[in-house]
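What follows is each chain in one-letter form.
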Amino acid sequence: RQRVREAAERLGYTPNPVAQALTSGRLPLVGLVVSALRRPGEFEDSRAYWSALIGGAALTAAGRGYAVTLIPEFGEAAFSSLPYAGLVVLDPTDRDPDLDRVLATGIPVATDSSRDDPRILVRIDVPWGEAVRIAFDPLAERGSRMPGLIWPDLATDFSRRLREAQRTWCAERGVRDLAADAEIEGSGPGAAVEWLLDQGADGLRSEEHTSELQSLAYL
């Protein structure tokens, strides 16, 4: 083995990932499954967050000799048939079929889903309690007794766990749990703000204030 290494260094040999895939069955390729791409309104509202996350994933993978493929839906044959080294499923819904399909491949999987499944190799956990405290504590310190949250009422772990953390914070502080969907009846955030103010909110936070901490958790 040592003689082979010395010969490789002398000849300037570099491994060919395609040739290696013939024996390992895997390419140095990470599939990034982002189902939000199929929900244009949601993706557009968080474009800066997703752009930073996807770009960071591509740069990090490249630094380790891997390429990233962005996958909007894993069920499509063009994506599901590639010999990935690993798959990452981001912000899946509670019963996301993409996560089921990915787990069925036997390829190493990382995800931020809270699903309890032994096939998940790496679970990306976001410290929701800390994120909510960063967003709401300053309001309470300024005297707010009824802060309101504008949040995306989506069928995703992100949405559900954010609301759970906010309810916990309100219970700990002894204040009313007050939140509004960012898209009340399709009216947009403006209607949510008006509704919260009508309910007596004396301070407002948008879910965007948690995105920085979430990005750090992913990284």
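Note: the structure precedes this text.
Here we summarise the structure given alongside this text.

Reading the values: the criteria
Residues numbered from 1 in each chain as written. Predicted model: local features only at pLDDT ≥ 70, side-chain atom pairs only at ≥ 80, totals over all residues. Heavy atoms only, no water. Helix = DSSP H or I, 4+ residues; strand = E, 2+ residues; numbered from the N terminus. Buried < 20%, exposed > 50% of the residue type's maximum accessible area, 1.4 Å probe, protein only. Contact = heavy atoms within 4.5 Å. Areas by Shrake-Rupley, 256 points an atom, 1.4 Å probe, with all protein chains shown as cover. Pairing = 2+ DSSP bridges. Axes fitted to C-alpha atoms, helices over the stretch in contact; angles between N-to-C directions. Salt bridge = Lys/Arg side-chain N within 4 Å of Asp/Glu carboxyl O. Expected span 1.5 Å × (residues − 1). Bend = angle between axes of the 7 residues up to and from the residue.

Here's the deal with the overall build of the chain
Here is step 1 of the chain: Counting secondary structure elements, the chain contains 10 helices and eight strands.
Here is step 2 of the chain: Per-residue burial for the chain yields a buried fraction of 41% across its 219 residues.
Here is step 3 of the chain: Contacts in the chain between residues far apart in sequence, at least 24 positions, make up 61% of those at least 6 positions apart.
Here is step 4 of the chain: Of the roughly 12200 Å² of accessible surface on the chain, a fraction of 54% belongs to carbon and sulfur atoms.

A look at the sheet that holds strand β8 (residues 203-206)
Here is step 1 of the chain: The strand order across the open sheet formed by three strands is β7-β6-β8, and the pairing between neighbours is parallel. Either end of the sheet is taken by a strand with one partner, and the two such strands are β7 (178-181) and β8. Shown here is a sheet whose adjacent strand axes are inclined to one another by a mean of 25 degrees, direction ignored.
Here is step 2 of the chain: Inspection of the sheet shows strand β6 (residues 147-151) paired to β8 by four bridges, in the parallel sense. Paired with Pro-147 across the bridge in β8 is Gly-203.
Here is step 3 of the chain: Along the sheet, helix α7 (residues 128-141) makes contact with β6 and β8, crossing β8 at roughly 170 degrees.
Here is step 4 of the chain: Its contacts with the sheet place helix α8 (residues 157-173) against β6 and β7, and it is angled at close to 175 degrees to β6.

Description of the pattern of salt bridges
Here is step 1 of the chain: Counted by the stated rule, this structure contains eight salt bridges.
Here is step 2 of the chain: The closest approach of N and O atoms between Asp-98 and Arg-101, which form a salt bridge, is 2.8 Å. Residue Asp-98 and its partner Arg-101 are both found in helix α6 (residues 97-104); the two are separated by three residues, about one turn of the helix.
Here is step 3 of the chain: For Arg-101, a relative accessible area of 34% puts it in the partly exposed group.
Here is step 4 of the chain: With a shortest N-O distance of 3.5 Å, Arg-167 and Asp-177 are connected by a salt bridge.

Quick look at α7
Here is step 1 of the chain: In a regular helix each residue adds 1.5 Å, so 14 residues correspond to 20 Å; α7 covers 20 Å between its end C-alpha atoms and thus fits that length.
Here is step 2 of the chain: If you look at α7, its biggest bend is around 35 degrees, right at Ala-135, and the proline Pro-138 turns up within four residues after that.
Here is step 3 of the chain: Within the sequence span of α7, burial applies to Trp-128, Ala-131, Val-132, Ala-135, Phe-136, Asp-137, Leu-139 and Ala-140.
Here is step 4 of the chain: In the stretch just after α7, Gly-143 is the one whose phi turns positive, near 100 degrees.

What to know about the sheet that holds strand β2 (residues 67-71)
Here is step 1 of the chain: Spatial ordering of the open sheet is given by β2-β1-β3-β4-β5, a layout of five strands whose pairing is parallel. Of all the strands in the sheet, the pair left with one neighbour each is β2 and β5 (122-123).
Here is step 2 of the chain: With three bridges connecting them, strand β3 (residues 86-90) and strand β4 (residues 109-111) associate as parallel partners. The partner of Leu-87 across the bridge, within β4, is Val-109.
Here is step 3 of the chain: Each of β1 (29-34), β2 and β3 is contacted by helix α4 (residues 47-62), which is oriented at about 150 degrees to β2, the strand it contacts most.

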